[in-house]
Amino acid sequence: MILTSKLRKPLAWPSGKQLKIDGSQVQSMDALYDLLASELMFPDYFGKNLDALFDCLCDLAEDITPLQIVISNTPDFLANVDEEERDELFCLLNDAQET
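Points about the overall build of the chain
Working step 1: In terms of helices and strands, the chain carries 3 helices and 2 strands.
Working step 2: Counting all 99 residues of the chain, 35% fall into the buried class.
Working step 3: Of all intrachain contacts in the chain linking residues separated by at least 6 positions in sequence, the fraction that spans at least 24 positions is 71%.
Working step 4: When the accessible area of the chain is evaluated, it comes to approximately 5,800 Å², of which 46% is carbon and sulfur surface.

The structure is reproduced here in structure tokens:
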């Protein structure tokens, strides 16, 4: 579950892998891309941009889906990212959840 009002509903699928993110350790988009790519085993060609993130989230292997993302230290999460880009990310996560 992402603890933010930017999501239409908690980012959680019924069961499966739970990915815990310490927001104090993920303050930039690059840090988020690196963490997700590593933890979710994205392919080597992952482009580290929102379009590539959406594609990879939608193509997750069955053994790690459904996926639940839990973020702690939310005030620090993506602290170095402007609000517009954070909003785009949250919209993407909502859209990925609904596909």
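Examining the confidence of the model for the chain
Working step 1: Across the chain, pLDDT averages 84, with 80% of residues at or above 70.
Working step 2: Per-element confidence in the chain ranges from a low mean pLDDT of 86 for strand β2 (residues 67–72) to a high of 97 for helix α1 (residues 29–39).
Working step 3: A low-confidence stretch, residues 1–8 stays under pLDDT 50, and its non-local contacts, those more than four residues away or across chains, total 25 contacts.

As for the packing of helix α2 (residues 50–58) against helix α3 (residues 83–98)
Working step 1: Following both chains from N to C, one finds α2 and α3 inclined at 25°, their axes separated by 10 Å at the closest point. Here α3 runs roughly parallel to α2, going by the angle between their axes. In the packing of α2 onto α3, the handedness of the crossing is right-handed. Residues L50, L53, F54, L57 and C58 of α2 form the contact with α3, whose participating residues are E88, L89, L92, L93, D95 and A96.
Working step 2: Tallied by class, residues from the contact of α2 with α3 come to 9 nonpolar, no polar and 2 charged.

Conventions used here
- Throughout this document, residue positions are counted from 1 along each chain, in the order its sequence is written.
- This being a predicted model, a pLDDT of at least 70 is required before a residue's local features are given, and a value of 80 or more before pairs of side-chain atoms are given or counted; all residues contribute to the totals for chains, interfaces and linings.
- In computing side-chain values, all of the structure's heavy atoms are included and hydrogens and water are not.
- Runs of E in the DSSP output that reach at least two residues are strands. Runs of H or I that reach at least four are helices, and both are numbered from the N terminus.
- Exposure categories follow from relative accessible area, calculated using a 1.4 Å probe and restricted to protein chains: below 20% of the type maximum is buried, above 50% is exposed, and the middle band is partly exposed.
- Residue contacts are defined here by distance: any two heavy atoms, one from each residue, within 4.5 Å place the two residues in contact.
- Only the protein chains shown count as cover for residues, and the accessible areas themselves come from Shrake-Rupley with a 1.4 Å probe.
- Within a predicted model, pLDDT stands for the predictor's per-residue confidence, ranging from 0 to 100.
- The axes are straight lines fitted to the C-alpha atoms, using for helices just the contacting stretch, and the angles between their N-to-C directions are given from 0 to 180°.
- Geometric relationships in this document are graded by angle, where less than 35 degrees denotes roughly parallel, more than 145 denotes roughly antiparallel, 65 to 115 denotes roughly perpendicular, and other angles denote oblique.
- Here a crossing is taken to be left-handed if its near helix is turned anticlockwise relative to the far helix by less than a right angle, and right-handed if that turn runs clockwise.
- Classification used: nonpolar for Ala, Val, Leu, Ile, Met, Phe, Trp, Tyr, Cys and Pro, charged for Asp, Glu, Lys and Arg, polar for all others including Gly.

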